[in-house]
Amino acid sequence: MATLFRDIFHHLKSNNICLKTAKQFRDQRTTNLLTHKHLTTQFIRRTSLYTSSKDNNALPLSSFEFPPSLEQQKQELPPNILEGEKKSSNPPLSFPCIDQLTTRTRSLDGGPEPAYDKIVSGYSLFHHNEPFLCDYGGVLPELGIAYETWGELNEKKDNAILIQTGLSGSSHAKSHEKNVQPGWWENFIGPGLSIDTNKYFVICTNVIGGCYGSTGPSSIDPSDGEKYATRFPILTIFDMVRAQFLLLDHLGINKLHASVGSSMGGMQSLASAWLYPDRVSRLISISACARSHPYSIALRHTQRQVLMADPNWNKGFYYNSIPPHVGMKLAREIATISYRSGPEWEQRFGRKRQFEEQSPALCPDFLIETYLDHQGERFCLQYDPNSLLYISKAMDIFDMSGSVLEKLKRLRSANTKKLFNARSHNDAHHVICDTSSSLSKESFTKSSLKSTSERKHISSLASNVNKNELEDLVQGLSIIKHPSLILGVQSDILFPCWQQKEIAECLRMGGNEDVTYYELDSMYGHDTFLIDLTNVGSAVKGHLEFGG
């Protein structure tokens, strides 16, 4: 940039137009009426250094690199241009955090796009060749499921445990010879550990809609050879579970010893027991809910909004271009706020600043700010933004209430007929809804509610809970009679512990007589299930080995 302006200056001086042009340029800049980039462009044009595009000697403006701040521009202008310039009361602040984003945008322009499916390695891939119907009518012509396993499947094939992941979880829950990197539940899985691989055959998948090997928005649509992007169908938690049970069919596993999930995985464990009550022996749901509530919906909505507001998102069609890394970074920072707790951050960060001796800055300054900034930085190119949109929406619409499940069942039935009409030559065995879990008036009625009350179950739910909504949820969960472990964490703000208590109480009111509920006082918030090996691990181990 310094060379550019030096050349401009010499050009002006040789043509005796330096003073007039520089003065006009200076006056416009100090009024702050126009952008620095526009004024620099005008300066170049007035000096005739930039000429018509028809001129073979023209210098294209797009070839110039404009500095990110006014201070930088002032330092790089020739001294004669700055002579006599009006000075502001204070110098402008520097913004290294913004400059860093600009630098990354430039580095991504024309560079290779992130290969999300290569971030995790060592997984196996199950390929399902038949069309897969989603609850809301979308169809995937085929799908792939990335999965990893640990332990050995016994001769009866009845010792399998399915671990179901959170929103951005991969299949890599535990290290193994094909991928020695620690998994996201590394200390919970293994010989003699909470999920004992000497006893159990453990399976973990990347959910459909994800980007770590399973079919998702960044996958190729076989219909046209292009990536799905936002042509990918809207998903539900039940769609994810149906895909997982296709994998179990492929592995020859008819019935699970247990379905185990945390966060969104806890939603999947409930959905598994509801969809396939005869194929699940017991369930564990940790820090989850039976229906998403307004607070968590609002948090995920805000993340999607900042992501979609990034111009590079381009309505989802950013592949082969600059990914929306700025929106993704901000979305992750918002999410991180909900993953941990205030008490932990008080102890960990307090009000400490990164550089106590320096003046406060508008870029990350307090240690909590630098922590959030770091979390956003490390995540923004590690996960597909469209996957975040689709999977977070699936969490929002999750609701195990009876009326909602009946509506979803009718919708799926209608869409199944459409699929039959459109693809009558395909075997639709795997695209229809399992009727074993469909609700009916006979399966749960007010009389069964009455019989439940006759057992004089004492609920610990708040007295201000809407009774009609509660009965609706009880109806939806009444199919689940499996031995159930429900874990909640008092410091969790994303899935407050009253939501796990709601699951446990509704299961009991629906007739499940084998429900265990623990409420932990850990200070790690929602992420407790990743950290608290002693309490979470012990509860999981006890339920798997002695529950039921």
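Residues numbered from 1 in each chain as written. Predicted model: local features only at pLDDT ≥ 70, side-chain atom pairs only at ≥ 80, totals over all residues. Heavy atoms only, no water.

### Re the sheet that holds strand β13 (residues 484–489)
(1) Moving on: The eight strands lie next to each other as β1-β4-β8-β5-β11-β12-β13-β14, forming an open sheet whose pairing is mixed. Edge positions in the sheet fall to β1 (124–128) and β14 (515–520), since each has one partner strand and no second. Taking each pair of neighbouring strands and ignoring which way they run, the sheet shows an average axis angle of 20°.
(2) Moving on: Sitting on the sheet, helix α17 (residues 497–509) is in contact with β12 (283–286), β13 and β14, with an inclination near 165° to β14. (Pairing = 2+ DSSP bridges. Helix = DSSP H or I, 4+ residues; strand = E, 2+ residues; numbered from the N terminus. Axes fitted to C-alpha atoms, helices over the stretch in contact; angles between N-to-C directions. Contact = heavy atoms within 4.5 Å.)

### Some details on the pattern of salt bridges
(1) Moving on: Taken as a whole, this structure holds 22 salt bridges when the rule is applied.
(2) Moving on: One salt bridge in this structure joins E469 and R291, with 3.7 Å as the shortest N-O distance. Residue E469 is located in helix α16 (residues 467–477), and its partner R291 is located in the loop between β12 and α9 (294–308); the two are separated by 178 residues in the primary sequence.
(3) Moving on: Residue classification places E469 among the partly exposed positions, given a relative accessible area of 43%.
(4) Moving on: One salt bridge in this structure joins E344 and R340, with 3.1 Å as the shortest N-O distance.
(5) Moving on: Look at the salt bridges and you will find they share partners, linking R104, K329, D373 and E377 into a network. (Salt bridge = Lys/Arg side-chain N within 4 Å of Asp/Glu carboxyl O. Buried < 20%, exposed > 50% of the residue type's maximum accessible area, 1.4 Å probe, protein only.)

### Quick word on a nonpolar patch on the surface
(1) Moving on: A grouping of L93, F95, I98 and L362 is seen on the molecular surface, where their side chains present a nonpolar patch of about 410 Å² in accessible area.
(2) Moving on: Following the sequence through the fold, L93 ends up in the loop between α5 (79–82) and α6 (96–108).
(3) Moving on: Under the relative-accessibility criterion, L93 is labelled exposed at 53%. (Patch = residues over 30% accessible without salt bridge, like charges linked within 9 Å, V, L, I, M, F, W, Y side chains within 5 Å. Areas by Shrake-Rupley, 256 points an atom, 1.4 Å probe, with all protein chains shown as cover.)

### Notes on unusual backbone geometry
(1) Moving on: A positive phi angle, close to 60°, is found at K157, a residue other than glycine.
(2) Moving on: The topology assignment puts K157 in the loop between β4 (143–150) and β5 (160–164).
(3) Moving on: With phi around 55°, K315 is a residue other than glycine that occupies positive phi space.
(4) Moving on: Locating K315 in the fold gives a position in the loop between α9 and α10 (325–339).
(5) Moving on: Assessed through its relative accessible area of 65%, K315 is described here as exposed.

### Some points on α9
It helps to recall that an α-helix has 3.6 residues per turn; residues three or four apart then point in one direction.
(1) Moving on: End to end, α9 covers 20 Å across 15 residues, agreeing with the expected 21 Å (1.5 Å per residue, within 8%).
(2) Moving on: Along α9, the residues that are buried comprise S296, L299, R300, Q303, R304 and L307. Projected onto a plane normal to the axis of α9, the buried residues spread over an arc of 130° and lie on a single side. (Expected span 1.5 Å × (residues − 1). Arc of directions from axis to C-beta.)

Purely geometric numbers; function is a separate question.
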